[in-house]
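Letter by letter, the chains look like this.
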Amino acid sequence: MAGRINDEDVKAVRDAVPIDAVVSEYLQLRNAGGGNLKGLCPFHDEKSPSFQVSPSKGLFHCFGCQEGGDTLTFVMKVDHLTFSEAVERLAAKAGITLRYEEGGYNPSHQRGERIRLVEAHKAAAEFYTAQLESAEAEIGRKFLAERGFDQAAAAHFGVGYSPAGWDHLTRFLRGKGFTDKELTLSGLSQEGRRGPIDRFRGRLMWPIRDIGGEVVGFGARKLRDDDNGPKYLNTPETPIYKKSQVLYGIDLAKKEIAKSSRAVVVEGYTDVMACHLAGVPTAIATCGTAFGGDHIKILRRLLMDNGSARVIFTFDGDAAGQKAALRAFEDDQKFAAETYIAIAPDGMDPCDLRLAKGDSAVTDLVEPRTPLFEFALRQIVARYDLETPAGRAAALDEAAPVVARIKNSGAQHEVAVQLAGMLGILDTQFVVKRVAQLARWARDRGGKGPVPQRGPQAVAQAAPTGPSGPALNLRNPVYATERELLKLALQRPELVSPAFDAYGVDEFTAAPYAAVRQAVLEAGGAEFGIQDPQEYLVRVRDAAPDDAVRAMVTELAVEAIMRRTVDEAYAGEQLVTVRLRAVDRRIRDVQGTFTRLSGGHGAPEQLTAVQNELWVLQQYARALRERGAAAL
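Everything numeric here is computed off the predicted structure, so don't read it as measured data.

A.B. asks: Outline the overall build of the protein, listing residues and values.
C.D. replies: Within the protein, the regular secondary structure consists of 28 helices and 16 strands. When the 632 residues of the protein are sorted by exposure, 48% land in the buried category. Considering only contacts in the protein between residues 6 or more positions apart, those separated by 24 or more positions represent 65%.

A.B. asks: I'd like a rundown of the sheet that holds strand E15 (residues 338-342), residues and numbers included.
C.D. replies: Strand order in the open sheet formed by 5 strands is E13-E12-E14-E15-E16, and the pairing between neighbours is mixed. Each of the sheet's edge strands pairs with one partner strand only, and the pair in question is strand E13 (283-285) and strand E16 (370-371). Pairing analysis gives 4 bridges linking strand E12 (residues 262-266) to strand E14 (residues 310-314), with the strands arranged parallel. Residue pairing for E14: Arg262 is matched across the bridge by Arg310. Together, E12, E13 and E14 form the strand contacts of helix H12 (residues 293-303), whose direction differs from that of E12 by roughly 155°.

A.B. asks: Give me the lowdown on the packing of aromatic side chains, citing residues and values where you can.
C.D. replies: Within the structure shown, the criterion is met by 18 aromatic pairs. Between Tyr26 and Phe74 the ring centres are 5.6 Å apart and the planes differ by 70°, which places this aromatic pair in the edge-to-face class. Placement of the pair is Tyr26 in the loop between helix H2 (19-23) and strand E1 (30-33) and Phe74 in helix H3 (residues 71-79), with a sequence separation of 48 residues. Taken together, Tyr26, Phe43, Phe51, Phe60 and Phe74 form an aromatic cluster joined through their ring pairs. Here Arg147 stacks its cationic end above the ring of Phe143, 3.5 Å away from the centre of that ring.

A.B. asks: Give me the pattern of salt bridges: which residues, what numbers.
C.D. replies: Per the stated rule, a full pass over the model turns up 31 salt bridges. Put simply, Glu507 and Arg579 hold a salt bridge, and the shortest N to O gap is 2.7 Å. Within this pair, whereas Glu507 is found in the loop between helix H22 (493-496) and helix H23 (511-522), its partner Arg579 is found in helix H27 (residues 568-601), the two being separated by 72 residues in sequence. As far as the burial class goes, Glu507 and Arg579 line up, both buried.

A.B. asks: Describe the sheet that holds strand E9 (residues 203-209), listing the residues and the values that go with them.
C.D. replies: Think of a sheet as strands paired side by side through backbone hydrogen bonds, with each pair either parallel or antiparallel. If you walk across this open sheet you meet the 4 strands as E6-E9-E10-E11, and the pairing is antiparallel. Each of the sheet's edge strands pairs with one partner strand only, and the pair in question is strand E6 (160-162) and strand E11 (232-234). Each adjacent strand pair in this sheet contributes to an overall mean axis angle of 35°, direction not counted. Pairing geometry for E6 and E9, over 3 bridges, is antiparallel.

A.B. asks: Describe in detail unusual backbone geometry, supporting the description with residues and values.
C.D. replies: Cis geometry marks the peptide bond from Ser497 to Pro498; its omega dihedral reads 10°. Looking at where Pro498 falls in the secondary structure, it is placed in the loop between H22 and H23.

Reading the values: the criteria
- Residues numbered from 1 in each chain as written.
- Predicted model: local features only at pLDDT ≥ 70, side-chain atom pairs only at ≥ 80, totals over all residues.
- Heavy atoms only, no water.
- Helix = DSSP H or I, 4+ residues; strand = E, 2+ residues; numbered from the N terminus.
- Buried < 20%, exposed > 50% of the residue type's maximum accessible area, 1.4 Å probe, protein only.
- Contact = heavy atoms within 4.5 Å.
- Pairing = 2+ DSSP bridges.
- Axes fitted to C-alpha atoms, helices over the stretch in contact; angles between N-to-C directions.
- Phe/Tyr/Trp six-rings, centres within 6.5 Å; stacked < 30°, edge-to-face > 60°.
- Lys NZ or Arg CZ within 6 Å of the ring centre and 35° of its normal.
- Salt bridge = Lys/Arg side-chain N within 4 Å of Asp/Glu carboxyl O.

Next comes the structure, spelled out in structure tokens:
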């Protein structure tokens, strides 16, 4: 075992490395007054900064979780190191040579596990960098050059090359004093038939550093067709590498992220390089995994959740990129920062965009324009036919719960208004109220999120079994006229025929009523009811698609009509009211379409056709109001 580190050396390390300099590598610090600094605590989740650092005292303390101590305590806690490992790490940063008691100074003494693995990665990074200059690595240099990266760029990011042989790195690290156990534990080597062999062979290598700047893993890009491995091969999970907790480029980007309160999340190593070289030094990328909660924690500490913080995601324009964006949106509410998405019009990633159109195109791409929530909503809305009421209703059913997840009530209201515009629904308050209702249900359910929305047919067929939202109330005054007209069609078909038989199913807005209307149609219409009233009702019941609609037919056939004197005038009023509401709905639909097209999204002939339809509908509505049943 290694001897105890000399006490004077421990003190020298404490004095040589300012606590604020060390802490600033992990989170953004701001003035807290009285010479202290504050930031978001790295040891527990919090929304407002309760973590304070006193540079003059060399101490930190969190008033939220009560963690505290000196520089060494912080490093031990944040990086899960032993005391000796923390001293050794800080000593290396300060350039201090440590002395060990019980045998004196011996640099070859066994170190802590994490320190040894980090040292192995540092040596491996240097080895790979040197190999990039070899004749064998010409294919790697060509790969970089074709993507616009010269030798200086490769050196800046530490890009290297792993030789194609079986154990070049393994033998090199053995020569540095690393054991086979350390090499396999580090993920740099793997077990072969005759002992450890290199994990990465014949590939371009990107060192992955943690937020403190230590190399903890590698990303390896396939270069040759005879390489049967994946396109990108990353370091496996090790004691120092957890892919869900590292961000490529964070060591280079952290200061600019903290300074500008902006982070750009891209998809790959070359995209990070392209962004930094193009003048976007806040670019980072995940390492072979989706952007998730642990990544958010890293960024939140740097952004410190101030009101002006921005996180911009860039994803490929293909289906996989869109899926990645929607996954990112799932975690959107974990940010206090505003989140945006940037997709080049032709679907190019930042690396390709820089090659094709230059640095300015990259900087322009990552300007925050399209909020991530808007992109997510447009992906949902795009799946539906917004030209039909059913399509808009279905789109609203899926999109409204997404908006309801937005915690800030002001932002939620604003997004709900935007959703109404996307759907072409002129009654924005209807959408706003729907979203607010879902948000209330979510709060009532303990913050579990809005319940999945069931279609109106399902609601009508099943009694509610829990707090999953209100059942469809068919006694609602909104549906009263539709109900009355159906009762007339079933009980007094002679009063509504033949006009009733020309009514479309979509003129009945309650799904159960629409189903009854369809059953009447399939039974031969109200006209058949005049000829044989008894057989007519049998046919309508037989045409019902299920027991729930069948029961509704029976209910409407026996329920008393609301007017004591039932005549043609009364029947005409119900016919006109149902038709007029349908026409008014269609007018609103067409007006919504007109609004979308007039924004420059439609051809002139489309706009003309919509204007003509709108004029015809408005004239018909006026006739119904003025002439009543005579206009049917």
